[in-house]
Amino acid sequence: MSLETQPTTDGVTRLLTNPRFELMPFDSFVDEVEYLPEGASIAVTTSPQLGLDATVERSEWASERGFDVIPHVAARYVRDEEHLTEVADRLVDAGVTDVFVPGGDREEPAGEFDSAYSLLARLDDLGYEFDEVGITGYPEGHDFLDEETLAESMARKEPYATYIVTQLCYDPEAVLSWVREIRDRGVRLPVEVGIPGVMNYQRLLQISRKVGVGDSVKFLRKTTGVLSFVRQLVGSRGKYRPDGLVDGLGPHADDPDYDIRGVHVYTFNQTADTESWRRGRLDE
């Protein structure tokens, strides 16, 4: 694998040409979609407040309007096999061909599915065959699971999956190092790198701490030192832009050993600024 670190325009262009935009199924969903390109790929999360039914409803709505929809079917939000069958049937009827299956962030599962693996195995037993199935990757580890447990979990899920989406991360080398590690373990699934969209720094840092990417928060500060971090914050008018992240990933975008399929943009329903930034980078 090449360890080149200089950004390449072609690599960045490939990463940003057809990204996946993640949105939450809140009331703002309909308005936020208006800022996205026609036919864009939209990943719809499962909300702790609204549950899985809202994910399915938003997915149906967006699919009807020509978007390529990837609903999150979070295992711990599925009550039982009947509920899973209902959800899967609705998604199939809506023309959904790609689903993302995380464990879900409920402390207690809603029913019998306590992990992504258990739900993936049951989907397979029930005969559902989506063209694409995504699972989660953790470049900076997990708050409650050690590295050995995460590796064992991925090995169990891999036969049911066709790609991996990484959790939010700001450090390109952390992502690349993690990809090298899973390749060394024999994992060959393509990777979609999760990147933050354009957002107010304060809100982004709050979200980052909540979802457990503390090392990435530290990375934002240590890259040029605390003083430069403050200057960057002021100079950017308080908004984070993922330029450094995509520039760091760009040189490896076409490296088959890394097999980075694209980027998964965590928009947190702030699509206008993110899409403006993306178009600006593509016009460079």
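This is a predicted model, so every value here is computed, not measured. (Residues numbered from 1 in each chain as written. Predicted model: local features only at pLDDT ≥ 70, side-chain atom pairs only at ≥ 80, totals over all residues. Heavy atoms only, no water.)

## Digging into the overall build of the chain
Stage number 1. Helix and strand counts for the chain come out as 12 helices and 10 strands.
Stage number 2. Taken across its 284 residues, the chain has 51% of its residues classed as buried.
Stage number 3. When contacts within the chain are restricted to residue pairs at least 6 apart in sequence, long-range pairs at least 24 apart make up 81% of them.
Stage number 4. By element, 45% of the accessible surface of the chain is carried by carbon and sulfur atoms, the whole surface being about 13,500 Å². (Helix = DSSP H or I, 4+ residues; strand = E, 2+ residues; numbered from the N terminus. Buried < 20%, exposed > 50% of the residue type's maximum accessible area, 1.4 Å probe, protein only. Contact = heavy atoms within 4.5 Å. Areas by Shrake-Rupley, 256 points an atom, 1.4 Å probe, with all protein chains shown as cover.)

## A few points about the pattern of salt bridges
Stage number 1. Here the structure, examined in full by the defined rule, presents 17 salt bridges.
Stage number 2. Here Glu-81 and Arg-122 are joined by a salt bridge, their closest N and O atoms 3.1 Å apart. With Glu-81 in helix 4 (residues 81-93) and Arg-122 in helix 5 (residues 116-125), the pair connects residues that are 41 residues apart, well separated along the chain.
Stage number 3. With relative accessibility at 35%, the residue Glu-81 sits in the partly exposed group.
Stage number 4. What makes Arg-122 partly exposed here is its relative accessible area of 22%.
Stage number 5. Its salt-bridge partner being Arg-261, residue Glu-192 comes within 3.0 Å of it at the nearest N-O pair. Residue Glu-192 is located in strand 7 (residues 191-196), and its partner Arg-261 is located in strand 10 (residues 260-266); the two are separated by 69 residues in the primary sequence.
Stage number 6. Judged by relative accessible area, which is 6%, Glu-192 ranks as buried.
Stage number 7. Accessibility expressed as a relative area gives 29% for Arg-261, which makes it partly exposed.
Stage number 8. Salt bridges sharing common partners tie together Arg-20, Asp-98, Glu-132, Glu-192 and Arg-261. (Salt bridge = Lys/Arg side-chain N within 4 Å of Asp/Glu carboxyl O.)

## A short note on the nonpolar core
Stage number 1. Counting 76 residues, the largest nonpolar core has Leu-119 and Ile-164 as its most contacted members.
Stage number 2. Per element, the largest residue contribution to this core is six residues, and it comes from helix 7 (residues 172-184). (Core = buried A, V, L, I, M, F, W, Y, C linked by side-chain atoms within 4.5 Å.)

## Looking at the confidence of the model for the chain
Any residue range with low pLDDT should be treated as having predicted coordinates unsuitable for detailed reading.
Stage number 1. Per-residue confidence for the chain gives a mean pLDDT of 88; residues scoring 70 or more make up 85%.
Stage number 2. Contacts for the low-pLDDT stretch residues 212-234, under 50 throughout, to residues beyond four places or in other chains number 31 contacts. (pLDDT = per-residue confidence, 0-100.)

## Focus: unusual backbone geometry
Stage number 1. Of note, Phe-268 is a non-glycine position whose phi angle comes to about 50°, a positive value.
Stage number 2. Within the element layout of this structure, Phe-268 appears in the loop between strand 10 and helix 12 (271-282).
Stage number 3. The class for Phe-268 is buried, based on a relative accessible area of 14%.
Stage number 4. The backbone of Asn-269 sits at a positive phi, close to 60°, despite the residue not being glycine.
Stage number 5. On the basis of relative accessibility, which here comes to 4%, the residue Asn-269 falls in the buried class.

## Observations regarding the pairing of strand 7
Put simply, side chains in a regular strand alternate between the two faces of the sheet.
Stage number 1. Most of strand 7 is tucked away: six of the six residues are buried.
Stage number 2. Side chains Val-191, Val-193 and Ile-195 of strand 7 all project onto a buried face; the interleaved residues Glu-192, Gly-194 and Pro-196 project onto the opposite face, where all are buried too.
Stage number 3. Where strand 7 meets strand 10, six bridges bridge the pair, whose relative direction is parallel. Directly across from Pro-196, in strand 10, lies its bridge partner Tyr-266. (Pairing = 2+ DSSP bridges.)

## Observations concerning the sheet that holds strand 7
Stage number 1. The eight strands lie next to each other as 3-2-1-10-7-6-5-4, forming an open sheet whose pairing is parallel. Bordering the open sheet on either side are strand 3 (68-71) and strand 4 (98-100), each of which pairs with just one other strand. The average angle at which neighbouring strand axes cross in this sheet is 25°, direction not considered.
Stage number 2. Sheet contacts for helix 6 (residues 147-157): strand 5 (132-137) and strand 6 (163-166); angle to strand 5, the most-contacted strand, approximately 175°. (Axes fitted to C-alpha atoms, helices over the stretch in contact; angles between N-to-C directions.)

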